Structures are given as C-alpha cells and as structure tokens.
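Single-letter residue listing:
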Amino acid sequence: MSTTLENLKVAFAGEAQANRRYLAFARKAEEEGYPHIARLFRAVAAAETVHANNHLKAMGGLRSTADNLQAAIAGEEYEVNGMYPPMLSEAEESGEKQAARAFRWALEVEKIHAVLYRQAAESLAQGQDIAEAEYYICPICGYTHVGAMAGKCPVCGYPAERFEKVV
Ligand code: FE2
Ligand code: FE2
Ligand code: FE2
C-alpha cells in the first residue's frame, strides 16, 4: 500500500474520531452549563467531518451505493466476527466491566446492522430502494429498530419510549 493511502486511512480515522469526541464534549459542556463552549465544540466537529470526508474521497472510499453497502456489510461483519468477540473476552477476563458492557452492546447491535445492510443490498440487487421506514435508536446501547416499538430495549433494557427517532 502506498504511503499516501496509508496516511489517508490514518487521517480519516483521526478526523472521524475527533468529530465524535468533540460532539461528546459538546454534550458534556451543555450539561455543565457552557452552551457557547458547546457550540464551539460542535463547530470544530463539523469542520473535522469535512476533513474526514475529503480524506475518504481521496482514498477512493466513496463509490456507488451498491459498493458502499458491500463495504458497510464487510465492516459490520468484521466487528461481529473478528473484532468484538476477542475484545469482549479480554475485558471480561480482566474484570473491565464497563468496557465489557460497551463491547457486548456494540457486538449485539452490529449484528442487526449487518442484517439491515444485507437486506438493503438484496433490494438494490433487484434494482430497488428499500421500503420507506422510520428508525429508532436506543441512546444507551445503540440498538437499532425499524419502526416505533414499545417495551424495553432487547439489548440493554432501556425503555423503548425513550428511543431517539432518526430524522
Ligand atoms: Fe481536522
Ligand atoms: Fe454498526
Ligand atoms: Fe439499548
């Protein structure tokens, strides 16, 4: 792999990570009563997204939706089958409870993502978009549900009425 391609991957990961970190910092600043610092974090986070997108394009990481779905499926399945199981085992063995829970929740939810993406890829292979749907996300574990639901999150037990609707 060329040095530039390697650098783009590292830069994309770093910028994407900075975006999410700053958005989390913004929520924390809001909680602590600093709405203007929160906005600064959101502004810089938005700029990091621009950088991340530029790096992604430069590395050829944005192709057709059919190709992007295959990349998305591969990513989710890698997390389910390759990445999270050993991470979860290690965290459980070393008594890192919070990390183990974070890995377990992610592992369970990535399985659902892989299924949703596979369904979309199958639909697209027939030349069709998927059916219009609303999506609800558990703010605790990331559980991803098609349509509104009642009861409790099947992954973490959080009340489903507090799921966040994706706009
Ligand atoms: Fe940046
Ligand atoms: Fe996922
Ligand atoms: Fe949940």
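As shown above, the structure is provided for reference.
Here the structure is a predicted model, which is why all the values come from computation and not from measurement. (Residues numbered from 1 in each chain as written. Chains lettered and ligands numbered in written order. Predicted model: local features only at pLDDT ≥ 70, side-chain atom pairs only at ≥ 80, totals over all residues. Heavy atoms only, no water.)

Engineer: Lay out helix α1 (residues 3-31) with the relevant residues and their values.
Structural biologist: End to end, α1 covers 42 Å across 29 residues, agreeing with the expected 42 Å (1.5 Å per residue, within 8%). For α1, the set of buried residues is Leu 8, Glu 15, Ala 18, Asn 19, Ala 26 and Ala 29. Residues of α1 that are buried sit in contact with α2 (35-58). Two residues or fewer past α1, Gly 33 is found with a positive phi of approximately 85°. (Helix = DSSP H or I, 4+ residues; strand = E, 2+ residues; numbered from the N terminus. Expected span 1.5 Å × (residues − 1). Buried < 20%, exposed > 50% of the residue type's maximum accessible area, 1.4 Å probe, protein only. Contact = heavy atoms within 4.5 Å.)

Engineer: Please give an account of the packing of aromatic side chains that cites residues and values.
Structural biologist: Counting across every chain of the model gives five aromatic pairs. Joined through ring pairs, the aromatic side chains of Tyr 22, Phe 25 and Phe 41 make up one cluster. (Phe/Tyr/Trp six-rings, centres within 6.5 Å; stacked < 30°, edge-to-face > 60°.)

Engineer: Explain the coordination of the iron ion (ligand 2) residue by residue, including any values.
Structural biologist: Angles between donor atoms at a metal ideally measure 109.5 degrees for a four-coordinate tetrahedral arrangement and either 90 or 180 degrees for a six-coordinate octahedral one. The iron ion (ligand 2) binds to the protein through Glu 76 (OE), Glu 76 (OE), Glu 110 (OE) and His 113 (ND1), with metal-donor distances spanning 1.9 to 2.5 Å. We note that the donor set of the iron ion (ligand 2) lies within a single chain, spaced as E-x33-E-x2-H. With Glu 76 in helix α3 (residues 65-93) and Glu 110 in helix α4 (residues 97-125), this residue pair connects regions lying 34 residues apart in the sequence. Comparing Glu 76 with Glu 110 shows no difference in burial state: the two are buried. (Donors = N, O, S within 2.8 Å, 3.2 Å for Na, K, Ca; no water.)

Engineer: Tell me what's going on with α4, and back it up with residues and numbers.
Structural biologist: In this model α4 runs 42 Å from its N-terminal to its C-terminal C-alpha over 29 residues, within 8% of the 42 Å that 1.5 Å per residue would give. Looking at the buried side of α4, the elements it contacts are α3 and β2 (144-146). A positive phi of about 85° marks Gly 127, the residue just after α4.

Engineer: Summarise the coordination of the iron ion (ligand 1); cite the residues concerned and give the values.
Structural biologist: Here the iron ion (ligand 1) is held by Glu 15 (OE), Glu 15 (OE), Glu 48 (OE) and His 51 (ND1), and the distances to it run 2.0 to 2.6 Å. Around the iron ion (ligand 1) sit four donor atoms; with metal-centred angles ranging over 53 to 136°, the donor geometry is irregular. When the donor residues of the iron ion (ligand 1) are listed from N- to C-terminus, their spacing reads E-x32-E-x2-H. Residue Glu 48 and its partner His 51 are both found in helix α2; the two are separated by three residues, about one turn of the helix. Of the residues examined, His 51 reaches a relative accessible area of 34% and is grouped as partly exposed. (Tetrahedral: all angles 85-135°; square planar, octahedral: opposite > 155°, others 65-115°.)

Engineer: Could you give an account of the pattern of salt bridges, naming the residues involved and the relevant values?
Structural biologist: Taken as a whole and assessed by the stated rule, the structure comprises five salt bridges. Glu 30 is the salt-bridge partner of Arg 42, the closest N and O atoms lying 2.9 Å from each other. Note that Arg 42 is positioned in helix α2 and Glu 30 in helix α1, a separation of 12 residues in sequence. Residue class for Arg 42 comes out partly exposed when judged on its relative accessible area of 37%. Taking the relative accessible area as the measure of exposure, Glu 30 reaches 38% and is therefore partly exposed. Glu 134 is the salt-bridge partner of Lys 165, the closest N and O atoms lying 3.0 Å from each other. With Lys 165 in strand β3 (residues 164-165) and Glu 134 in the loop between α4 and β1 (135-137), this pair connects stretches of sequence that are 31 residues apart. Lys 165 gets classed as partly exposed once you look at its relative accessible area, which sits at 45%. (Salt bridge = Lys/Arg side-chain N within 4 Å of Asp/Glu carboxyl O.)

Engineer: Explain the packing of α3 against α4 to me, using residue names and the numbers behind them.
Structural biologist: The N-to-C vectors of α3 and α4 enclose an angle of 160°; their axes lie 8 Å apart at closest approach. It follows that α3 is roughly antiparallel to α4 by the angle criterion. The handedness of the crossing between α3 and α4 is left-handed. Of the residues contributing to the contact of α3 with α4, the split by class is 20 nonpolar, three polar and eight charged. (Axes fitted to C-alpha atoms, helices over the stretch in contact; angles between N-to-C directions. Parallel < 35°, antiparallel > 145°, perpendicular 65-115°, else oblique. Left-handed = near helix turned anticlockwise from the far one by under 90°. Nonpolar A, V, L, I, M, F, W, Y, C, P; charged D, E, K, R; others polar.)

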